[in-house]
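# A closer look at the structure
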Amino acid sequence: MERIARGINWIEETLIAVFLALMTLITFANVIARYVFNDNILWALEATVFLFAWLILLGASHCVKITAHLGVDAVMNIVSPELRKAFTLLAVACCIAFCVLMLIGGWNYWWKFATTASFLEVDDIPMPDFLQFLAGFMNEGELYEKLPRFIPYFILPLSMALMLFRFVEAGWRVATGQQALVIASHEAEEMIHEVRGETSHKEEI
């Protein structure tokens with residue numbers, strides 16, 4: 001499980017970094033093309049939208065891993081450690097149920113585009129040559145002109161499967177006492193300490 005978790009963690013971090021870099025490069029290239037060469041990269045906007053969707057959905061999964069999702073812990077801080085653990089496990093169970101439902105829905109939605117509607121393409125993004133081998137399996141041998149929709153839409157079941165794994169992993173850590181909460185809940189405390197530090201600094205001056 002540790003090897004699988006490390007592998008998934010590496011995949012998530014690498015893809016997030018790659019997608020962010022690609023979004024930046026494509027947007028920058030389009031700005032240069034528009035204002036320097038009076039031209040336009042037609043597929044830039046659509047590509048950026050898809051990359052942003054992948055970035056957000058993969059990022060949501062990764063945030064479960066690093067406990068970066070914001071949450072309210074007002075109740076958790078006033079109950080006993082045993083009750084806090086029970087509440088946290090209940091919250092994790094609800095999140096797992098949500099991920100299962102979203103995974104089923106995401107898979108069913110994507111499966112249509114991967115089977116009966118595999119001929120449907122996006123509006124502007126051209127099909128890369130190195131992916132044309134998919135046409136033999138998905139499009140009866142007819143080459144794609146644009147990127148088929150089942151490729152960018154695959155993020156729906158993939159991200160939900162990764163998030164499901166992350167919540168199961170988080171639940172295990174909570175159950176074994178390695179982790180107390182599954183949310184980041186210390187932002188208010190940090191802001192108060194920061195304000196107090198600035199006030200003390202001003203008083204010293």
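Described in the following lines is the structure provided in the data block. (Residues numbered from 1 in each chain as written. Predicted model: local features only at pLDDT ≥ 70, side-chain atom pairs only at ≥ 80, totals over all residues. Heavy atoms only, no water.)

Broken down by element type, the protein carries six helices and two strands. Element order for the protein, N to C, with α for helix and β for strand: α-α-α-β-α-β-α-α. In the protein, once contacts between residues fewer than 6 apart in sequence are set aside, the share between residues at least 24 apart is 71%. Accessible surface for the protein amounts to roughly 13200 Å². Of this, 69% is attributable to carbon and sulfur atoms. (Helix = DSSP H or I, 4+ residues; strand = E, 2+ residues; numbered from the N terminus. Contact = heavy atoms within 4.5 Å. Areas by Shrake-Rupley, 256 points an atom, 1.4 Å probe, with all protein chains shown as cover.)

Now for the nonpolar core. The biggest cluster of nonpolar side chains holds 30 residues, and the ones touching the most others in it are F19, L58, I125, L147 and F150. Of all the secondary-structure elements, those providing two or more residues to this core are α1 (2-35), α2 (44-65), α3 (81-114), β1 (121-126) and α5 (155-175). By residue number, the principal contributor to this core is α2, which donates seven residues. Setting aside anything within four residues of it in sequence, one finds L58 in contact with L15, I16, F19, I155 and L162. A60, V64, L164 and F167 belong to the second largest nonpolar core, which has seven residues in total. (Core = buried A, V, L, I, M, F, W, Y, C linked by side-chain atoms within 4.5 Å. Buried < 20%, exposed > 50% of the residue type's maximum accessible area, 1.4 Å probe, protein only.)

A few words on the packing of α1 against α2. Interaxial distance between α1 and α2 falls to 9 Å at its minimum, and their mutual angle equals 155°. Regarding the angle of α1 to α2, the classification is roughly antiparallel. Judged by the sense of rotation from one axis to the other, the crossing of α1 with α2 is left-handed. Together, N9, E12, E13, L15, I16, F19, L20, L22, M23, I26, T27 and N30 of α1 and A44, A47, T48, L51, F52, W54, L55, L58, G59, S61, H62 and K65 of α2 make up the contact between the two elements. A breakdown of the residues in the contact of α1 with α2 according to their chemical character gives 14 nonpolar, seven polar and three charged. (Axes fitted to C-alpha atoms, helices over the stretch in contact; angles between N-to-C directions. Parallel < 35°, antiparallel > 145°, perpendicular 65-115°, else oblique. Left-handed = near helix turned anticlockwise from the far one by under 90°. Nonpolar A, V, L, I, M, F, W, Y, C, P; charged D, E, K, R; others polar.)

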